[in-house]
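Summary of structural features
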Amino acid sequence: MVVDHETPRLENGQTDKEVEENANVLQFMDSMDAYLTLIHSLSSTLRRGWLELASARHSMGASRVNTVLLDHTSHPAATSLLVTQDEGKVDSGKPHFTLCKWASSSNENSLLGEKQSSQDKLHPQLRHRGSTELYEEKTSSENKASREVDDPVQKERSKSLSMFGTLVSPKLRAAQLSFEH
Amino acid sequence: MDTVVGFLMAGVGNVDLRRKTNYLIVDSIKQIEDTFKEFTTREDIAVVLISQYVANMIRFLVDSYNKPVPAILEIPSKDHPYDPAHDSVLSRVKYLFSAESVASGRR
């Protein structure tokens, strides 16, 4: 007597494996869509940055906005990425990237403008298209804190531009913000 | 060059005590290859930004790279706009889907 064990099928005729595969494919397509959207946004922001840099070079002069002026003395990067792995999972293959903007050695405790972007987020849950955005109103204390945080950030930004001289064109500052974004 | 200057203004430039930098303004293809190999093996680099135009010069190296960290991101340059046909990530996706369609056609 032969006992035939059929793969259990769901009501719509799909097996669990097929459902999982379809979910993975959908998640993959969502990730690719997000990647293309981000690339498009990056291209647009870079174009703006190049235009502003060219404007700054035009107003300040080519000799003042030049690679010759780059700081070749030993200095750490003010903006860096922190890479961590999933806890408890060695070699999980899913690193987490945390952006630390303008975190110099003098203010290591204030990681300003952190943006967490992990590979998990490149493979997110299925995106719900048409979702609404929620805006939070800042309280007055939060506004004060953000102003206090902005001062060291501004100092770091000015320090980064100091290689081009003490007085720089507003276009150069705008270019800096574009490349920062 | 403008791309490097811009990102350095954003604060990502690092120069160590031996005056080794974490950026390169392209010179020769050999130098690009050597620098790509160096940057992808350094432990203090998490993401390598490379102009797509420069990546095309060492396409075989970029396409054969498959580690998650440091991640390679091809970006457009001022004189050469982004071309999705040459992006290594999209090329792999295209290859994946073309392989899938061939495999499904054979079933």
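Each value, and the rule that gives it
Counting from 1, residues in each chain are numbered in the order their sequence is written. Whichever chain is written first becomes A and whichever ligand is written first becomes 1, with later ones labelled in order. Only residues with pLDDT of at least 70 are given local features in this predicted model, and only at 80 or more are side-chain atom pairs given and counted; all residues enter the totals for whole chains, interfaces and linings. Note: side-chain values were computed over all heavy atoms of the structure, leaving out hydrogens and water. UniProt positions are given in the numbering used here, feature names are shortened, and annotations may be inferred rather than shown by experiment. In this description a helix means any DSSP run of H or I spanning at least four residues, a strand means any run of E spanning at least two, and both kinds are numbered starting from the N terminus. For every residue, the accessible area obtained with a 1.4 Å probe (protein chains only) is divided by the maximum for its type, and the residue is called buried under 20%, exposed over 50%, and partly exposed between those limits. Should any heavy atoms of two residues lie within 4.5 Å, those residues are counted as being in contact. For every accessible area listed, the method is Shrake-Rupley and the probe measures 1.4 Å; residues are considered covered only by the protein chains on display. Any N or O atom pair separated by 3.5 Å or less is treated as a polar contact, with the protein-specific requirement of one donor-capable and one acceptor-capable atom, and with residues adjacent in sequence counted only for side-chain atom pairs. Axes here refer to lines fitted to C-alpha atoms; in helices the fit is confined to the stretch in contact. Angles between the N-to-C directions go from 0 to 180 degrees. Should an angle fall under 35 degrees it is called roughly parallel, over 145 degrees roughly antiparallel, and 65 to 115 degrees roughly perpendicular, with every other angle called oblique. Classification used: nonpolar for Ala, Val, Leu, Ile, Met, Phe, Trp, Tyr, Cys and Pro, charged for Asp, Glu, Lys and Arg, polar for all others including Gly. When two parts are brought into contact, each loses some accessible area as probed by a 1.4 Å sphere; the total of that loss over both is the buried area. Between Lys or Arg on one side and Asp or Glu on the other, a salt bridge is scored when a side-chain nitrogen of the former is within 4 Å of a carboxyl oxygen of the latter. We call Phe, Tyr and Trp rings a pair once their centres come within 6.5 Å, taking the six-membered ring for Trp, and we label the pair stacked below 30 degrees between planes, edge-to-face above 60, and tilted otherwise.

The name given to chain B in an unreviewed UniProt entry is V-type proton ATPase subunit F, and the organism recorded there is Gossypium mustelinum. UniProt's Sequence similarities (unreviewed entry) comment on chain B is quoted here verbatim: "Belongs to the V-ATPase F subunit family."

Under an unreviewed UniProt entry, chain A has the name Vacuolar ATPase assembly protein VMA22 and belongs to Gossypium hirsutum.

**Thoughts on the overall build of chain B**
When you go through chain B residue by residue, the secondary structure sums to 5 helices and 2 strands. Element order for chain B, N to C, with α for helix and β for strand: α-α-β-α-α-β-α. Burial status across chain B gives 44% buried among its 107 residues. When contacts within chain B are restricted to residue pairs at least 6 apart in sequence, long-range pairs at least 24 apart make up 50% of them. By element, 57% of the accessible surface of chain B is carried by carbon and sulfur atoms, the whole surface being about 6200 Å².

**Focus: the side chain of B:Q52**
Residues and elements named next belong to chain B. Secondary-structure assignment places Q52 in helix α3 (residues 52–57). Note on Q52: relative accessible area 3%, which makes it buried. A distance of 2.7 Å separates a polar atom in the side chain of Q52 from the backbone nitrogen of D83. Leave out the neighbours within four places in its chain, and Q52 touches R59, E74, I75, P81, Y82, D83, H86 and D87.

**Digging into the side chain of B:S51**
Along the chain, the position of B:S51 falls in strand β1 (residues 47–51). Residues contacting B:S51, with those up to four places away along its chain left out, are B:I75 and B:S77.

**Describing the packing of helix α1 (residues 16–60) of chain A against helix α1 (residues 2–9) of chain B**
Put simply, α1(A) and α1(B) touch, their axes get as near as 10 Å, and they point 95 degrees apart. The angle between α1(A) and α1(B) places the two elements in the roughly perpendicular class. Seen from α1(A), the contacting residues are A:L46, A:W50, A:L53 and A:R57; seen from α1(B), they are B:D2, B:T3, B:V5, B:F7 and B:M9. Looking at side-chain class alone, the contact of α1(A) with α1(B) contains 6 nonpolar, 1 polar and 2 charged residues.

**Structural notes on the interface of chain A and chain B**
At the interface, 37 residues of chain A touch 36 residues of chain B. The contact between chain A and chain B buries some 3100 Å² in all, and 73% of this surface belongs to carbon and sulfur atoms. For A:R57, the salt bridge is made with B:D2, and the minimal N-O distance between the two is 2.8 Å. Those elements that place two or more of their residues in the side of chain A that touches chain B are α1, β1 (80–84), α3 (140–161) and α4 (170–180) of chain A. Classifying every residue of the side of chain A that touches chain B by side-chain character gives 24 nonpolar, 10 polar and 3 charged.

**Some remarks on the pattern of salt bridges**
Residues and elements named next belong to chain B. For the coordinates displayed, the defined rule picks out 7 salt bridges over all chains. Linking R42 and E38 is a salt bridge whose minimum nitrogen-to-oxygen distance equals 3.5 Å. Of the residues examined, R42 reaches a relative accessible area of 15% and is grouped as buried. Exposure remark for E38: the relative accessible area of 26% places this residue in the partly exposed category.

**Comments concerning the packing of aromatic side chains**
A ring pair, where both rings are aromatic, is described by two values, the distance of the centres and the angle of the planes. For the coordinates displayed, the defined rule picks out 2 aromatic pairs over all chains. Summarising the aromatic geometry, the rings of A:F179 and B:F7 are spaced 5.4 Å apart at their centres and angled 70 degrees between planes, so their arrangement reads as edge-to-face. Here the residue A:F179 occupies a position in helix α4, and B:F7 occupies one in helix α1, the pair thus bridging two chains. With respect to class, A:F179 is no different from B:F7; both count as buried. Ring centres of B:F36 and B:Y65 lie 6.1 Å apart, and the angle between their planes is 80 degrees; on these two criteria the pair is classed as edge-to-face. Taken together, the residues span a long stretch of sequence, with B:F36 in helix α2 (residues 29–39) and B:Y65 in the loop between α4 (59–64) and β2 (71–75) at a distance of 29 residues. With respect to class, B:F36 is no different from B:Y65; both count as buried.

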